[in-house]
Amino acid sequence: QNKKVVYHFLPMRRYTADEVRSIRLACRMTQHQFSELFGISAKTLESWEQGINTPGSAAARLLDILNYDYGFASVFCDQECVYEKGDVKAVRAKTGLPRELFALVLGVSENACGSWEQGRSKPNGPASRLLWLVENVDDMLELLMEVVG
């Protein structure tokens with residue numbers, strides 16, 4: 001018999017300017033260091049911390065991880081997180097998750113994930129960092145699923 005597995009995820013958290021700043025400070029990072037960690041510009045981080053803009057979904061997932069354990073900042077701060085055609089598909093295959101669920105866990109659309117897998121586009125800074133964590137940190141996928149669900 002085929003059993004259907006059902007996953008329940010909480011809605012994507014919307015981080016406030018104060019929350020972003022608090023997480024950055026808890027990680028003991030400057031704005032420059034934190035923006036490099038996320039693969040974003042310093043101006044983007046500044047706009048989050050001033051409440052002008054809010055982090056996108058993949059960035060929110062990274063904030064979820066750091067909010068859970070600030071120590072993860074040191075795990076991938078100096079890593080090259082570049083994914084080429086076929087790389088994302090290989091990472092997803094390693095997890096055994098269907099594309100729809102993999103995208104949900106990363107906080108991106110299924111279409112974006114498919115586009116990365118087919119080489120039509122590349123993951124942006126925060127998404128590439130999440131992919132690196134899933135690929136290289138034992139039990140990161142399980143942690144992500146725990147943190148978001």
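Residues numbered from 1 in each chain as written. Predicted model: local features only at pLDDT ≥ 70, side-chain atom pairs only at ≥ 80, totals over all residues. Heavy atoms only, no water.

Colleague: How should the pattern of salt bridges be read in this particular structure?
Modeller: A side chain with one charge may pair with a side chain of the opposite charge, provided their charged atoms come close. The full count for this structure, using the stated rule, is seven salt bridges. Residues Asp18 and Arg21 are paired through a salt bridge, measuring 2.9 Å at the closest nitrogen-oxygen approach. A residue pair is termed a helical-turn pair when its members lie 3 or 4 positions apart in one helix, as Asp18 and Arg21 do in helix α1 (residues 17-26) at three residues. With a relative accessible area of 51%, Asp18 lands in the exposed category. Under the relative-accessibility criterion, Arg21 is labelled partly exposed at 28%. One salt-bridge network, in which partners are shared between bridges, spans Arg92, Arg99 and Glu117. (Salt bridge = Lys/Arg side-chain N within 4 Å of Asp/Glu carboxyl O. Helix = DSSP H or I, 4+ residues; strand = E, 2+ residues; numbered from the N terminus. Buried < 20%, exposed > 50% of the residue type's maximum accessible area, 1.4 Å probe, protein only.)

Colleague: Would you explain the side chain of Ser35 in this entry?
Modeller: With respect to the helices and strands, Ser35 occurs in helix α2 (residues 31-38). Taking the relative accessible area as the measure of exposure, Ser35 reaches 2% and is therefore buried. For Ser35, the side chain forms a polar contact with the main-chain oxygen of His32, separated by 2.9 Å. Setting aside anything within four residues of it in sequence, one finds Ser35 in contact with Ile40, Ser41, Ala42 and Leu45. (Polar contact = N/O pair within 3.5 Å; in protein donor to acceptor, adjacent residues only side chain to side chain. Contact = heavy atoms within 4.5 Å.)

Colleague: Can you walk me through the packing of aromatic side chains in this structure?
Modeller: Given two aromatic rings, their pairing is described by the distance between the two centres and the angle made by the two planes. Enumeration over the complete set of coordinates arrives at two aromatic pairs. Judged by centre distance (4.8 Å) and plane angle (40°), the rings of Phe34 and Phe38 are tilted. Placement of the pair is Phe34 and Phe38 together in helix α2, with a separation of four residues, close to one helical turn. By the burial criterion, Phe34 is buried, and Phe38 matches it. Its relative accessible area of 0% is what places Phe38 among the buried residues. Aromatic rings pair up to connect Phe34, Phe38 and Trp48 into one cluster. (Phe/Tyr/Trp six-rings, centres within 6.5 Å; stacked < 30°, edge-to-face > 60°.)

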